[in-house]
Amino acid sequence: MEARATVKFARISPRKVEIVLDLIRNQPADKAMAILKHTPKAACEYLEKLLKSAMANAENNHSMDVSKLYVAECSVCPGPILKRIRPRDHGRAYHIYKRTSHITLVLREAE
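Residues numbered from 1 in each chain as written. Predicted model: local features only at pLDDT ≥ 70, side-chain atom pairs only at ≥ 80, totals over all residues. Heavy atoms only, no water.

Engineer: Hey, could you run me through the sheet that holds strand E2 (residues 69-78) in this one?
Structural biologist: Strand pairs in the sheet, formed through backbone hydrogen bonds, run parallel or antiparallel to each other. Reading across the sheet, the three strands line up as E1-E5-E2 and stay open at both edges, with antiparallel pairing between neighbours. Looking at which strands have only one partner, the edges of the open sheet turn out to be strand E1 (2-10) and E2. Between one strand axis and the next, the sheet turns by 15° as a mean value, whatever way the strands run. For E1 and strand E5 (residues 101-109), the ladder comprises seven bridges, and the chain directions are antiparallel. Bridge assignment links Glu2 to a residue of E5, and that residue is Arg108. (Pairing = 2+ DSSP bridges. Helix = DSSP H or I, 4+ residues; strand = E, 2+ residues; numbered from the N terminus. Axes fitted to C-alpha atoms, helices over the stretch in contact; angles between N-to-C directions.)

Engineer: Can you help me understand the packing of helix H1 (residues 14-24) against helix H3 (residues 43-61) in this one?
Structural biologist: Working note: a packed helix pair is described by the angle between its axes plus the distance between those axes. The geometry of H1 relative to H3 is characterised by a closest axis approach of 9 Å and an angle of 55° between their N-to-C directions. As far as their axial angle goes, H3 and H1 are oblique. Remark: the crossing between H1 and H3 carries right-handed chirality. Along the contact surface, H1 presents Lys16, Val17, Val20 and Leu21, while H3 presents Ala43, Cys44 and Leu47. Its residues assigned to classes, the contact of H1 with H3 comprises six nonpolar, no polar and one charged. (Parallel < 35°, antiparallel > 145°, perpendicular 65-115°, else oblique. Left-handed = near helix turned anticlockwise from the far one by under 90°. Contact = heavy atoms within 4.5 Å. Nonpolar A, V, L, I, M, F, W, Y, C, P; charged D, E, K, R; others polar.)

Engineer: It is not clear to me how the pattern of salt bridges should be interpreted in this structure. Could you clarify?
Structural biologist: Once their charged atoms are close, side chains differing in charge can pair, the charge on each being opposite to the other. What the rule picks out here adds up to six salt bridges. For Glu2, the salt bridge goes to Arg4, with nearest N and O atoms at 2.9 Å. Among the residues examined, Glu2 registers a relative accessible area of 27% and is labelled partly exposed. Overall, Arg4 belongs to the partly exposed group, its relative accessible area being 43%. With a closest N to O distance of 3.4 Å, Glu18 and Arg25 form a salt bridge. Here Glu18 falls in the partly exposed class, since its relative accessible area comes to 28%. Its relative accessible area of 27% is what places Arg25 among the partly exposed residues. Where salt bridges share partners, they join Glu2, Arg4, Glu73 and Arg108 into one cluster. (Salt bridge = Lys/Arg side-chain N within 4 Å of Asp/Glu carboxyl O. Buried < 20%, exposed > 50% of the residue type's maximum accessible area, 1.4 Å probe, protein only.)

Below, the structure is given as structure tokens:
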């Protein structure tokens with residue numbers, strides 16, 4: 001039995017999210033929440049909300065015990081890239097890539 005939560009089109013680079021996901025992978029859900037609360041990274045805001053959602057899904061949809069949950073799988077995939085142009089001198093243009101992420105979090109009950 002597993003509980004899953006996803007966030008699509010998060011306006012943060014997948015590279016930044018992966019750093020924080022490595023910290024919470026295979027951790028108990030309550031410890032993962034504490035790590036996210038005390039880590040000063042931009043991705044923590046998205047992941048904290050996502051973890052709360054996955055825990056609520058586990059409790060309400062699958063009748064799982066919240067105290068036994070752990071982060072079984074977590075992954076991030078690149079979403080569509082918003083392309084912008086920054087004008088520079090002498091008629092040049094620099095490209096700005098505003099990257100997005102699709103983040104998935106899976107919680108399972110520890111035996």
